[in-house]
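Understanding the architecture of this molecule
Listed below, chain by chain, are the residues.
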Amino acid sequence: MELDKNRIALGIKQPWAELILRGKKTIEVRSRSTNVRGSIYLYTSKKTATETYAVKAIQDHELDNCKFPLGLIVGSVEIAECRLTTPQDTVKSCLSPLELENRYAWILKNPIRFSKPQPVRFLPYGIWFYPFYRRKESSA
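Residues numbered from 1 in each chain as written. Predicted model: local features only at pLDDT ≥ 70, side-chain atom pairs only at ≥ 80, totals over all residues. Heavy atoms only, no water.

**Let's talk about the nonpolar core**
- Formed by 31 residues in total, the largest nonpolar core has its most connected members in Trp 16, Ile 40, Leu 42 and Trp 128.
- For this core, the elements supplying multiple residues, two or more each, are strand E1 (9–12), helix H1 (16–21), strand E2 (27–30), strand E3 (38–44), helix H2 (52–60), strand E4 (73–84) and strand E5 (104–118).
- Element by element, the count of residues in this core is highest for H1, at five residues.
- When neighbours within four sequence positions are excluded, Trp 128 is seen to be in contact with Ile 8, Ala 9, Leu 10, Thr 34, Val 36, Ile 40, Ile 79 and Trp 106.
- Residues Leu 3, Val 120, Phe 129 and Phe 132 belong to the second largest nonpolar core, which totals nine residues. (Core = buried A, V, L, I, M, F, W, Y, C linked by side-chain atoms within 4.5 Å. Buried < 20%, exposed > 50% of the residue type's maximum accessible area, 1.4 Å probe, protein only. Helix = DSSP H or I, 4+ residues; strand = E, 2+ residues; numbered from the N terminus. Contact = heavy atoms within 4.5 Å.)

Structural data, given as structure tokens:
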């Protein structure tokens, strides 16, 4: 499989990446908005989320957290839009209304799971990163 070396990746913990790839989680909830649109890679963090709502999502969707790929690019997804969350986003975000307060909904479409998760050359240095090269620092 040939990857686009210039595509940006989003670092995300499991089980959220798995739920995105299954099409169950179509809203990624973040504290900040994003102007990024189009196809991005999904990179799974090396640790699984342990918050109560993550454990609940694993149980609710009958996931086997021992089989989650970690520390790899597992697929891609498109970011179609970004807006403030609403209480109606609970099902599509796999979160409760409490976790949605004062957050942004990144609307996701067209998830693609890679048949073989891919290693990265460079590890994340924020939520967004380029997995195959270091971006040159601005001289400004």
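**Looking at the packing of aromatic side chains**
- Evaluation of the coordinates by the stated rule reveals five aromatic pairs.
- For the pair Tyr 41 and Phe 114, a centre-to-centre distance of 6.0 Å together with 70° between the ring planes defines the contact as edge-to-face. Here Tyr 41 is found in strand E3, whereas its partner Phe 114 is found in strand E5, with 73 residues between them in sequence. Across this residue pair, the class does not change: Tyr 41 and Phe 114 are buried.
- If you follow Lys 5 out to its NZ or CZ, it ends over the ring of Phe 132, 4.3 Å from the centre.
- In this structure, Arg 7 packs its charged tip against the face of Tyr 41, placed 4.8 Å from the ring centre. (Phe/Tyr/Trp six-rings, centres within 6.5 Å; stacked < 30°, edge-to-face > 60°. Lys NZ or Arg CZ within 6 Å of the ring centre and 35° of its normal.)

**Focus on unusual backbone geometry**
- In this structure, Pro 15 follows Gln 14 across a cis peptide bond, with omega equal to 15°.
- In this structure, Pro 15 sits in the loop between E1 and H1.
- In this model, Glu 62 sits at a positive phi of 50°, which is unusual for a non-glycine residue.
- Examined against the element boundaries, Glu 62 turns out to sit in the loop between H2 and E4.
- Phi at Asn 102 takes a positive value of approximately 55°, unusual for a residue other than glycine.

**Section: the environment of Ser 96**
- Structurally, Ser 96 is set in the loop between helix H3 (90–93) and helix H4 (97–100).
- In this structure the C-alpha to C-alpha distance between Ser 96 and Val 36, which are 60 residues apart in sequence, comes to 25 Å.
- In this structure the side chain of Ser 96 is engaged in a polar contact, spanning 2.3 Å, whose partner is the side chain of Glu 99. (Polar contact = N/O pair within 3.5 Å; in protein donor to acceptor, adjacent residues only side chain to side chain.)

**Structural notes on the sheet that holds E5**
- Within the open sheet, the six strands sit side by side as E2-E5-E4-E3-E1-E6. Their pairing is mixed. Looking along the sheet, the strands with just one partner apiece sit at the ends: E2 and strand E6 (128–129).
- Here E3 runs beside E4; their pairing, made up of six bridges, is antiparallel. When the sheet's bridge partners are listed, Tyr 41 is paired in E4 with Ser 76. (Pairing = 2+ DSSP bridges.)

**A closer look at H2**
- Every buried residue of H2 is listed here: Ala 54, Ala 57 and Ile 58. Buried residues of H2, seen end-on, are gathered within an arc of 100° and therefore sit on one face of the element. For H2, exposure combined with an orientation more than 90 degrees from the buried face picks out Thr 52 and Gln 59.
- Those residues of H2 that are buried are in contact with H1. (Arc of directions from axis to C-beta.)

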